[in-house]
Amino acid sequence: MRLTVNGTPVEVDAPPMKRLLDVLREDCSLTGTKEGCGEGECGACTVLVDGVAVASCLVPFAQAAGASITTIEGLGGNHPLQVAFMREVGAQCGICTPGMIMAALPLGPKPSLAKVKDALAGNLCRCTGYEAIYRAIRSAWGEQAPT
Amino acid sequence: MRTALSAFHLHRPRSLTDALRVMREEPATVPLAGCTDVFVALNAGTPPGTHYLDLTPLGGLARIAEKDGVLSIGALATYTAIIKSRLVRQQLPMLVAAAREVGGAQIQNRGTLGGNVANASPAGDTLPVLAVAEAVVVLRSAADGERRVPFTSFYTGYRASVRHPDELIVALEFPPVEGKQWFRKVGTRAAQAISKVMMAGVRSSRPRLALGSVAATVVRLPRAEAALAGGASIDEAVRILSGEITPIDDIRSTAEYRLAVAGNLLRAYWRDTAVTVLKSD
Ligand SMILES: Cc1cc2nc3c(=O)[nH]c(=O)nc-3n(C[C@H](O)[C@H](O)[C@H](O)COP(=O)(O)OP(=O)(O)OC[C@H]3O[C@@H](n4cnc5c(N)ncnc54)[C@H](O)[C@@H]3O)c2cc1C
Ligand code: FES
Ligand code: FES
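Criteria and thresholds
Residues numbered from 1 in each chain as written. Chains lettered and ligands numbered in written order. Predicted model: local features only at pLDDT ≥ 70, side-chain atom pairs only at ≥ 80, totals over all residues. Heavy atoms only, no water. Helix = DSSP H or I, 4+ residues; strand = E, 2+ residues; numbered from the N terminus. Rg over C-alpha atoms; globule rule 2.2 N^0.38 Å. Buried < 20%, exposed > 50% of the residue type's maximum accessible area, 1.4 Å probe, protein only. Contact = heavy atoms within 4.5 Å. Areas by Shrake-Rupley, 256 points an atom, 1.4 Å probe, with all protein chains shown as cover. Lys, Arg positive; Asp, Glu negative; His and termini not counted. Charge placed at Lys NZ, Arg CZ, Asp CG, Glu CD. Domains from an automatic or database assignment. Buried area = accessible area lost by both parts, 1.4 Å probe. Salt bridge = Lys/Arg side-chain N within 4 Å of Asp/Glu carboxyl O. Polar contact = N/O pair within 3.5 Å; in protein donor to acceptor, adjacent residues only side chain to side chain. Nonpolar A, V, L, I, M, F, W, Y, C, P; charged D, E, K, R; others polar. Core = buried A, V, L, I, M, F, W, Y, C linked by side-chain atoms within 4.5 Å. Axes fitted to C-alpha atoms, helices over the stretch in contact; angles between N-to-C directions. Left-handed = near helix turned anticlockwise from the far one by under 90°.

Q: Can you break down the overall build of chain B residue by residue, with the values?
A: Counting its secondary structure elements, chain B contains eleven helices and 14 strands. Computed over its C-alpha atoms, the radius of gyration of chain B comes to 19 Å, within 12% of the 19 Å expected for a compact globule of 281 residues. Counting over 281 residues, chain B shows a buried share of 53%. Partitioning the contacts of chain B with sequence separation of at least 6, the portion at a separation of at least 24 is 58%. About 12,500 Å² of surface is accessible on chain B, with carbon and sulfur atoms providing 53% of the total. Across chain B, the centroid of the 33 positively charged side chains sits 5 Å from that of the 25 negatively charged ones.

This is the structure:
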């Protein structure tokens with residue numbers, strides 16, 4: 001089955017009902033996407049499918065056929081969101097971080113706090129208490145937007 | 001334990017006709033829409049079947065359109081599509097309100113209205129809205145073609161409906177709704193929490209009310225509705241409501257709590273939909 005992962009077309013041979021999460025981690029060796037709960041609750045496995053945030057633990061591989069997938073690896077390491085999470089200490093244990101960043105990515109630059117909270121409502125963090133995460137996302141492109 | 005998924009069969013239909021043929025020839029086929037219910041079951045090790053049918057290639061089933069005043073929302077329309085739709089915002093704001101309360105963004109981007117209806121959980125957030133909007137479920141099968149069932153007679157019991165095993169839900173239809181629309185969900189937190197109690201209401205000369213999570217299926221409240229239509233006080237209506245529902249204790253709430261919340265929701269509906277805010281009830 002053909003799909004595009006982080007801009008590169010790939011051909012993957014995996015069972016159609018295999019979770020996109022496992023296809024990415026096992027077949028594509030992209031282990032940046034994490035499994036927290038495996039039931040759609042925590043958002044750790046969030047990736048973008050054609051630009052839309054989804055929980056990859058709830059997506060059968062067949063439904064990603066032909067789609068363009070973006071994972072945390074696709075951001076390259078120096079993306080403004082990644083830099084801001086480091087600077088603001090938006091990550092502690094780090095298990096939620098790739099999902100947080102992927103959920104924030106569709107927001108674009110300088111989102112309001114309300115928009116950030118909305119976009120991240122499906123992402124759980126057991127460490128930071130969220131404030132540092134919100135701060136990182138809102139300041140990633142320079143000065144924070146007004147609330 | 002998680003289910004081993006590699007042995008499962010998945011059919012990707014080329015057309016609705018093809019999909020309906022599979023439903024007919026393989027009666028145990030499980031349709032897949034956004035998978036936000038099915039994959040939770042798979043990941044929990046309780047697979048609903050071994051043969052699956054992916055509905056997502058049938059893009060026509062995601063359409064939202066209006067014809068002669070009737071709003072039609074395709075079974076595959078996602079919560080995000082519903083929230084964004086100008087038509088739904090104009091004609092059915094209470095459905096938009098319910099859709100906004102489902103899960104987080106990741107669930108809203110994938111979960112569908114048809115999936116919420118077919119899944120038939122008494123805690124489905126859109127179901128009280130469909131009940132007060134007097135929606136019609138449009139079903140289709142290879143054997144019987146298309147048939148329309150009023151939503152209020154769709155469910156027959158806990159997780160049971162009149163849908164035949166070979167039928168697909170293709171759309172939900174909504175006649176124009178007269179009056180002010182209202183929806184409120186009470187849960188442990190705003191996102192991702194299964195509802196403890198939710199209520200939808202329409203305020204007009206014929207008040208309509210429905211509650212979710214207080215019975216085996218979503219319920220309309222004909223006695224409380226009739227009382228309000230006949231000019232009863234809100235205290236009287238709340239008293240009637242308490243005799244009309246018999247919620248149960250479960251892992252999420254007690255019966256007593258649900259009864260108290262249902263009464264409070266009825267008061268909030270009556271207050272929020274009052275024509276003038278000064279008029280006290
Ligand atoms: C983290 C999380 C949070 C959630 N929060 C909420 C919430 O707040 N409120 C709420 O109501 N629900 C919630 N849900 C449940 C779920 O998201 C909804 O019920 C959703 O609408 C299901 O739609 P789907 O397209 O994903 O269904 P699927 O999982 O694809 O299917 C669900 C069921 O419907 C059947 N089905 C689907 N489409 C059709 C069709 N067209 N014809 C016939 N049968 C069909 C399937 O065979 C299956 O039995 C949540 C789920 C998760 C994982
Ligand atoms: S692992 Fe997918 S949402 Fe938790
Ligand atoms: S940093 Fe540990 S869960 Fe968020």
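Q: Run through the domain arrangement of chain A, naming residues and quoting values.
A: Residue and element names in this part refer to chain A. Per the domain assignment, the segments of chain A are domain 1 (2-74) and domain 2 (75-139). Using C-alpha coordinates to define each centre, domain 1 is positioned 20 Å away from domain 2. Across the boundary between the two partners, domain 1 contributes 15 residues, which contact 14 residues of domain 2. Its largest share of buried area at the contact with domain 2, domain 1 owes to Thr46, Leu48 and Ile72, together 39% of the area lost on that side. Our enumeration of links across domain 1 and domain 2 arrives at zero salt bridges. Counting across the interface, domain 1 meets domain 2 through six residue pairs in polar contact (both at pLDDT 80 or more). Examining the composition of the side of domain 1 that touches domain 2, we find that three residues originate from one element, strand 3 (residues 46-49), more than from any other. Looking at the side of domain 1 that touches domain 2 residue by residue, the class counts come to five nonpolar, seven polar and three charged.

Q: Lay out the nonpolar core in plain terms, naming residues and giving numbers.
A: Ranked by internal contacts, the top residues of the largest apolar core, which has 59 residues, are B:Leu95, B:Phe151 and B:Phe174. Counting 23 residues, the second-largest nonpolar core is a separate cluster that includes A:Leu75, A:Met100, A:Ala103 and A:Leu120.

Q: Now, about the packing of helix 10 (residues 234-244) of chain B against helix 11 (residues 255-272) of chain B: what can you tell me, with residues and values included?
A: Residue and element names in this part refer to chain B. Where helix 10 meets helix 11, the closest approach of the two axes is 10 Å, and the angle between their N-to-C directions is 145°. Here the hand of the crossing between helix 10 and helix 11 comes out right-handed. Within the contact between the two elements, helix 10 uses Ile234, Asp235, Ala237, Val238, Leu241 and Ser242 and helix 11 uses Leu259, Ala262, Gly263, Leu266, Arg267 and Trp270. Each residue belonging to the contact of helix 10 with helix 11 can be placed in one class, and the counts come to eight nonpolar, two polar and two charged.

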